[in-house]
Amino acid sequence: MASMNSREMTRRGPLHTLQSFTVEAERYMEVTRRVVGLGHNDVHALSSVVEADEQGEVMTPGILRRRLVLSPAATTALVDRLVGHGLIVRHKTVADGRTVELHATPKAHLMGREMFVVLSEAIMDRLSGYTPSEVDLLITMMRDLTGAARSAREYLEARTDCVDGLVAEGASST
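The structure reproduced in this document is the subject of the present report. (Residues numbered from 1 in each chain as written. Predicted model: local features only at pLDDT ≥ 70, side-chain atom pairs only at ≥ 80, totals over all residues. Heavy atoms only, no water.)

Attention now moves to the packing of helix α3 (residues 40–54) against helix α4 (residues 61–68). The contact between α3 and α4 brings their axes to 11 Å, and the two run at 125°. By the angle between their axes, α3 is oblique relative to α4. As α3 packs across α4, the resulting crossing turns out to be right-handed. Here Asn41, His44, Ala45 and Ser48 of α3 lie close against α4, whose contacting residues are Leu64, Arg67 and Leu68. For the contact of α3 with α4, the per-class residue count stands at 3 nonpolar, 3 polar and 1 charged. (Axes fitted to C-alpha atoms, helices over the stretch in contact; angles between N-to-C directions. Helix = DSSP H or I, 4+ residues; strand = E, 2+ residues; numbered from the N terminus. Parallel < 35°, antiparallel > 145°, perpendicular 65-115°, else oblique. Left-handed = near helix turned anticlockwise from the far one by under 90°. Contact = heavy atoms within 4.5 Å. Nonpolar A, V, L, I, M, F, W, Y, C, P; charged D, E, K, R; others polar.)

The subject of this paragraph is the packing of α3 against helix α5 (residues 72–84). The geometry of α3 relative to α5 is characterised by a closest axis approach of 10 Å and an angle of 75° between their N-to-C directions. The orientation of α3 relative to α5 falls into the category roughly perpendicular. Counting all contacts with α3, which are made through Asn41, Asp42, Ala45 and Leu46, the residues of α5 involved are Leu78, Arg81 and Leu82. Its residues placed into classes, the contact of α3 with α5 shows 4 nonpolar, 1 polar and 2 charged.

Turning our eyes to something else, we now look at the environment of Glu30. Here Glu30 is to be found in helix α2 (residues 14–36). The sequence separation of Glu30 and Val43 amounts to 13 residues, and the corresponding C-alpha distance is 9.6 Å. Of note is the side chain of Glu30, whose polar atom sits 3.2 Å from the side chain of His40. (Polar contact = N/O pair within 3.5 Å; in protein donor to acceptor, adjacent residues only side chain to side chain.)

Moving on, we get to the pattern of salt bridges. Under the defined criterion, the tally for this structure stands at 6 salt bridges. The partner of Glu24 in a salt bridge is Arg27, and the shortest N-O contact between them spans 2.5 Å. Of this pair, Glu24 and Arg27 both sit in helix α2, 3 residues apart, which is roughly one turn of the helix. Residue Glu30 is joined to Arg33 by a salt bridge in which the shortest nitrogen-to-oxygen separation is 2.9 Å. Of this pair, Glu30 and Arg33 both sit in helix α2, 3 residues apart, roughly one helical turn. Look at Arg33 and you get buried, because its relative accessible area is 15%. The network of salt bridges with common partners includes Glu30, Arg33 and Arg34. (Salt bridge = Lys/Arg side-chain N within 4 Å of Asp/Glu carboxyl O. Buried < 20%, exposed > 50% of the residue type's maximum accessible area, 1.4 Å probe, protein only.)

Dropping the structure here:
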């Protein structure tokens, strides 16, 4: 097999394919989030809180703010909206009584399943045509690529102040 140069890889190879998948998944999310009446950041925040609960991790407004790259005020408004919708609850930690933890409600878990059932079924239907070893390879590759995307984000965050809403290194302040 002839090797492709970087430009060909971007246009026709795995990077383009991943981009196409991401765009279609985002389009699906836009439709489903409108159906349930949530904003873009609301869905990402809810997903982060549910994921933290399922993995036994702590989710605080500060962690959520950094994960979604929001200002403190925007994070407060977002958390208030999700609490108002009955999708998350705030709990003060037992350790110090000051730190606020965020937890998903049963309503949030049900909504999450309902939002993704159509996409999940469509993907699982397509994957049923592959062998278990091919699916395992896909899982391994997707985990590796997710790690690469995380590393790229962390690299940018470490070199800019954009995460805290400040002017990025080298950017003009005018």
